[in-house]
Amino acid sequence: MTTPPPATTALAAEIARRRTFAIISHPDAGKTTLTEKLLLYSGAIRSAGIVGGKAGTQGARSDFMAMERERGISISSASLQVEYRGHVLNLLDTPGHQDFSEDTYRTLTAVDSAVMLLDAARGVQAQTLKLFEVCRRRGLPVFTFINKLDRPSRDPFDLMDEVEQVLGLQVTPITWPIGSGPDFRGIYERPSKCVHLYGRGARDERAEVLATGGVEDPVLERLLGAEAHAALRDELETVDALLPSVDPARVDAAELSPVFFGSVLTNFGVEPFLDHFLDLAPAPADLTTLAGQHIDVAGEIFTARVFKLQANLDKRHRDRTAYARVATGAFERGMNAIHVRTGRAMKLSRAHTLFAEERETVDHAVAGDVIGLVNPGLLRVGDVVSTQRDVELPPLPRFAPEVFATVRPRNVERDKAFRKGLEQLGEEGVVQRFHPAQGARDSVVGAVGTLQFDVFVRRMLDEYDVEVDLVSEPFTLIRRLDRTPSGPGRFGRLVVDADGEPAVLLRHAREIEYFSDEHPGIVLHAIDQS
């Protein structure tokens with residue numbers, strides 16, 4: 001067997017340290033707070049904020065847009081990188097509002113695993129289910145953290161059963177809660193047989209950890225009291241009898257989800273979760289192209305793919321940033337690469353990371369890392385940049401808009417700025433752009449949820465100084481067309497998308513049949529969400 005050269009060995013070791021993941025949750029489950037605690041434990045910040053902090057409290061550092069601060073929600077996606085216990089964690093923080101999900105879905109294409117955060121009182125909620133389906137289609141390993149145990153909570157067996165029944169995902173607990181709500185005493189860490197004692201003190205305190213000889217340890221009984229100890233012993237006996245042990249291969253294959261309990265707001269249970277996550281979560285893997293070519297994740301070929309565009313992060317420069325996940329090899333600032341879609345040569349001379357409003361130049365990055373490439377307009381979502389030509393990857397999923405509106409500038413003298421803002425925010429994915437196939441000049445915008453329209457209106461004003469009027473349209477469906485009909489009909493509105501492809505907007509599912517009857521031979525296609 002040939003020994004790899006030292007440079008290759010060093011790169012492989014560096015990539016093996018990476019854990020690139022996202023947090024998926026329903027609004028208010030504690031996603032942004034968990035992000036802040038990760039930064040706290042890594043030493044990146046001294047104290048964690050909370051979303052929507054009141055006067056006198058610190059707001060979340062990872063939320064920086066004005067609407068995020070005002071509404072106490074996460075709208076923009078941020079990429080955070082921290083070092084923790086010999087590993088490099090790349091967390092792709094994603095929008096958490098239930099109406100703002102398209103950008104969240106796309107971000108999940110750039111991670112290797114996901115942390116599913118559940119509210120212990122509410123269990124699996126609607127947005128969690130939608131996001132989990134994206135993870136399932138991508139085969140992502142999912143780690144489950146059941147949060148808010150210090151508040152009144154549902155039975156832990158009921159919560160795990162709901163995950164299995166609703167999501168079809170088998171689970172097994174790594175940590176187990178001792179009580180809940182006002183009776184919450186801590187968690188029992190099954191692999192280490194340690195008890196993490198909960199104290200209702202300062203939020204940034206770390207839990208007291210007690211090593212035990214197991215659940216039968218008399219020290220544990222004296223500590224918890226006979227009643228709480230007996231309940232814990234009975235529950236763990238049931239867990240051992242009914243639930244599987246942790247099998248890393250099944251976790252990696254997305255067949256089994258390790259479950260953790262705690263309270264993110266009070267820092268409780270986060271540290272043991274992170275320790276086990278580092279051991280079980282996958283590092284970046286090799287790449288296979290559409291042509292079947294195998295590219296070594298630690299090889300000489302550099303490959304990165306754009307999964308998000310963001311305009312005007314620096315208002316002084318009106319820049320555009322293309323977020324790209326490094327898929328294979330290593331990035332070096334100033335390197336030469338190829339823009340695969342056009343075949344054009346590129347010099348990657350400007351790249352940065354971004355945390356809140358702070359940016360830092362990136363000189364070096366490896367597979368699993370996310371870099372922000374300054375984008376003069378060439379890069380689009382899904383584009384591949386590589387040192388090798390013809391590296392075609394499976395297309396990123398597209399998500400069908402569910403709400404539509406006609407948009408126009410309130411002041412016609414701002415039309416040029418309006419067109420520029422509409423184009424750039426459309427490229428970024430804030431809205432999807434369409435224009436009527438015949439007649440009217442007004443543009444039509446589509447979105448997965450109505451909050452995207454609020455973001456669009458606000459950013460057009462803040463970043464392009466354009467006030468816009470949105471007129472809601474009655475359409476709820478869109479279908480791509482294989483060709484444009486010879487003329488309009490009674491059903492649906494014919495439009496052309498940003499790529500020049502014909503489509504029809506429809507009010508309800510029955511109109512699909514009506515449209516087909518009226519235009520025989522025209523083939524309708526649903527937008528692919530694979």
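Check the entry above for the structure.
In this text, all values refer to a predicted model and were calculated from it rather than measured experimentally. Here, residues in each chain are numbered from 1, in the same order as that chain's written sequence. It should be noted that, the model being predicted, local features are given only for residues of pLDDT at least 70 and side-chain atom pairs only at 80 or more, the latter also being counted only at that level, while totals for whole chains, interfaces and linings use all residues. The side-chain numbers reported here are obtained from all heavy atoms of the structure, hydrogens and water having been left aside.

1. Focus on the packing of helix α2 (residues 31-42) against helix α10 (residues 270-280)
What counts here: Inter-axis angles, ranging from 0 to 180 degrees, are taken between N-to-C directions of lines fitted to C-alpha atoms, where helices are fitted over the stretch in contact. A run of DSSP states H or I qualifies as a helix once it reaches four residues; a run of E qualifies as a strand once it reaches two. Both are numbered from the N-terminal end. Orientation labels follow simple angle bins: below 35 degrees gives roughly parallel, above 145 gives roughly antiparallel, 65 to 115 gives roughly perpendicular, and whatever is left gives oblique. Any pair of residues with heavy atoms lying within 4.5 Å of one another is described as a contacting pair. Residues were grouped as follows: Ala, Val, Leu, Ile, Met, Phe, Trp, Tyr, Cys and Pro as nonpolar; Asp, Glu, Lys and Arg as charged; and all remaining residues, including Gly, as polar.
Taken N-terminus to C-terminus, the directions of α2 and α10 make an angle of 80°; their axes are 11 Å apart at the nearest point. Here α2 lies roughly perpendicular to α10, going by the angle between them. Contacts from L34, K37, L38 and Y41 in α2 reach V270, E271 and L274 in α10. For the contact of α2 with α10, a count of residues per class yields five nonpolar, no polar and two charged.

2. Re the pairing of strand β30 (residues 502-506)
Regular strands place their side chains on alternate faces of the sheet. Heads up, the condition is: With a 1.4 Å probe rolled over the protein chains alone, any residue whose accessible area is under 20% of its type maximum counts as buried; one over 50% counts as exposed, and the rest are partly exposed. Any two strands with at least two DSSP-identified bridges between them are counted as paired.
Across the five residues of β30, five count as buried, placing the element largely inside the fold. Neither face of β30 is exposed, since P502, V504 and L506 on one face and A503 and L505 on the opposite face are all buried. Here four bridges tie strand β29 (residues 493-497) to β30, and the two strands are oriented antiparallel to one another. Within β30, the residue paired with V496 across the bridge is P502. Following β29, the chain reverses through four residues before pairing antiparallel with β30; G500 in that reversal takes a positive phi of roughly 85°.

3. A few points about the sheet that holds strand β9 (residues 194-197)
A sheet is described by the order of its strands in space; here four strands give the open sequence β7-β8-β9-β10, paired in antiparallel fashion. For this open sheet the edge positions go to β7 (175-178) and β10 (208-211), each flanked by a neighbour on one side alone. For this sheet, the mean inter-axis angle between neighbouring strands, taken without regard to orientation, is 25°. Of the pairings in the sheet, the one linking strand β8 (residues 186-189) to β9 comprises four bridges and is antiparallel in character. Counted as the bridge partner of G186 is L197 from β9.

4. Overview of a negative patch on the surface
To keep it simple, the criterion reads: Patch members must show over 30% relative accessible area and no salt bridge, and they are joined within 9 Å when carrying like charges or within 5 Å when they are nonpolar side chains of Val, Leu, Ile, Met, Phe, Trp or Tyr. Method for areas: the Shrake-Rupley scheme with a 1.4 Å probe, in which residue coverage is limited to the protein chains shown. Note on definitions: salt bridges are taken to be side-chain nitrogens of Lys or Arg within 4 Å of carboxyl oxygens of Asp or Glu. Here the positive residues are Lys and Arg and the negative ones are Asp and Glu; neither His nor the chain ends is included. Charge positions come from single atoms, namely NZ of Lys, CZ of Arg, CG of Asp or CD of Glu.
Residues E216, E221, D234 and E237 make up a contiguous surface patch of negative charge. Mapped onto the elements, D234 comes out in helix α8 (residues 226-242). Residue classification places D234 among the partly exposed residues on the basis of a relative accessible area of 41%.

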